[in-house]
Amino acid sequence: QGKTTAQYITFKDLRFSSTGAFAEVIGIQGDFLRFENITATGNNSLTSISGNVVLVNSAANGAVFTGGEYHDPGRDVSGGFYSADGYPFYITGTNTTVTRTKIHNARHSSCSASGCAPSGTVISYNQIYDVCQTLNTCAGILLGTGTNQLATGNVLHDITGTGTNIHGIGTGYGATNVLIYNN
């Protein structure tokens, strides 16, 4: 009858990679999980839709990702109107921190804190590049929905895209109390 999710676990100095379709490399829903110096690589060579590098589920609280490298989420090559490409980080949980990481090589935003109203997301001191590769509307970091989110100290470059609505850091979709500074 108690809580069945993982709590207070640290993962350190590990490498993860994806070889399958529709799968996250790291998917979490526990409380206070910590990932230190992780290298996580998605599978962007598939011929069908694939998943995110990291999915922080809406049931997760207090996840911390510090150091390491997260790159090459899955790519949607189905040719559909809506892109189903994966993200390096797709955050729907609360109080998630992504700090001092290297995030790159993605067709979508590097960190998307949106969906399911995540709150308390902190994206800080990351090196983010070569993201938003093929989208018309995209942001290197998207802080959408939820409340009390922060982006600070990040270095973003080569946020390319194919349209005119490409931003280094974006917010919207009903997000409130978002702080963006010193990036």
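Before reading further, recall that the structure is shown in the block above.
Residues numbered from 1 in each chain as written. Predicted model: local features only at pLDDT ≥ 70, side-chain atom pairs only at ≥ 80, totals over all residues. Heavy atoms only, no water.

This paragraph deals with the overall build of the protein. In terms of regular secondary structure, the protein is built from zero helices and 17 strands. Of all 183 residues assigned to the protein, the portion counted as buried reaches 50%. Here the protein has roughly 8400 Å² of accessible surface; of this, 50% comes from carbon and sulfur atoms. (Helix = DSSP H or I, 4+ residues; strand = E, 2+ residues; numbered from the N terminus. Buried < 20%, exposed > 50% of the residue type's maximum accessible area, 1.4 Å probe, protein only. Areas by Shrake-Rupley, 256 points an atom, 1.4 Å probe, with all protein chains shown as cover.)

We now examine the layout of surface pockets. By volume, the largest pocket is sized at about 260 Å³. Taken together, 13 residues make up the lining of the largest pocket; nearest its centre are Thr-137, Cys-138, Ala-139, Leu-142 and Tyr-173. Of all the elements in the fold, those that place two or more residues in the lining of the largest pocket are β13 (137-144) and β16 (165-172). Per-class residue counts for the lining of the largest pocket are six nonpolar, seven polar and no charged. (1 Å grid on protein atoms, 1.4 Å probe; cavity = no way out; pocket = protein on both sides within 12 Å on 5 of 7 lines; lining within 4 Å. Points joined across faces, edges and corners; volume = space filled by probe spheres on them. Nonpolar A, V, L, I, M, F, W, Y, C, P; charged D, E, K, R; others polar.)

On to the nonpolar core, then. Ranked by internal contacts, the top residues of the largest apolar core, which has 30 residues, are Ile-26, Ile-28, Phe-35, Val-54, Phe-65, Tyr-70 and Phe-89. Of all elements in the fold, only β3 (26-28), β4 (34-41), β5 (54-56), β6 (64-71), β7 (89-91), β12 (127-131), β13 and β16 reach the threshold of two or more residues within this core. (Core = buried A, V, L, I, M, F, W, Y, C linked by side-chain atoms within 4.5 Å.)

Attention shifts here to unusual backbone geometry. Positive phi is not limited to glycine here, since Asn-37 has a value of about 50 degrees. Within the secondary structure, Asn-37 sits in strand β4. By relative accessible area, which is 39% here, Asn-37 ends up partly exposed.

Before going further, it helps to examine the environment of Asn-154. In this structure, Asn-154 sits in the loop between β14 (147-152) and β15 (155-159). Residue Asn-154 is classed as buried on the basis of its relative accessible area, which comes to 2%. Sequence spacing of Asn-154 and Ile-141 is 13 residues, and the spatial spacing of their C-alpha atoms is 9.5 Å. The residues contacting Asn-154, other than those within four sequence positions of it, are Ile-123, Ser-124, Tyr-125, Asn-126, Ile-128, Ile-141, Asn-182 and Asn-183. Reaching out from Asn-154, the side chain makes a polar contact with the backbone nitrogen of Asn-126 at a distance of 3.0 Å. (Contact = heavy atoms within 4.5 Å. Polar contact = N/O pair within 3.5 Å; in protein donor to acceptor, adjacent residues only side chain to side chain.)

With that settled, consider the side chain of Thr-99. You can see Thr-99 is positioned in strand β8 (residues 97-99). A polar side-chain atom of Thr-99 sits 3.0 Å from a polar atom in the side chain of Ser-124. In contact with Thr-99, not counting residues within four places along its chain, are Phe-65, Thr-66, Gly-67, Ser-124, Tyr-125 and Asn-126.

Moving on, we come to the packing of aromatic side chains. One pair of aromatic rings is described through two measures. These are the centre distance and the angle between the planes. Taken as a whole, this structure holds seven aromatic pairs when the rule is applied. With a centroid separation of 4.7 Å and an interplanar angle of 5 degrees, the aromatic rings of Phe-35 and Phe-65 are classed as stacked. A residue pair is termed long-range when its members are at least 10 positions apart, and Phe-35 in strand β4 and Phe-65 in strand β6 qualify at 30 residues. Overall, the relative accessible area of 3% leaves Phe-35 in the buried class. Note on Phe-65: relative accessible area 0%, which makes it buried. Pairing Tyr-70 with Phe-89 gives two aromatic rings, centres 4.7 Å apart and planes at 55 degrees, and the pair type is tilted. Within this pair, whereas Tyr-70 is found in strand β6, its partner Phe-89 is found in strand β7, the two being separated by 19 residues in sequence. The exposure classification of Tyr-70 matches that of Phe-89, with both residues buried. Taken together, the aromatic side chains of Phe-11, Phe-35, Phe-65, Tyr-70 and Phe-89 make up a single cluster linked through ring pairs. Above the face of the Tyr-125 ring, Arg-100 is positioned so that its terminal group lies 4.7 Å from the ring centre. (Phe/Tyr/Trp six-rings, centres within 6.5 Å; stacked < 30°, edge-to-face > 60°. Lys NZ or Arg CZ within 6 Å of the ring centre and 35° of its normal.)

In this structure, Val-178 sits in strand β17 (residues 176-181). Discounting chain neighbours no more than four positions away, the residues touching Val-178 are Leu-143, Gln-149 and Thr-171.

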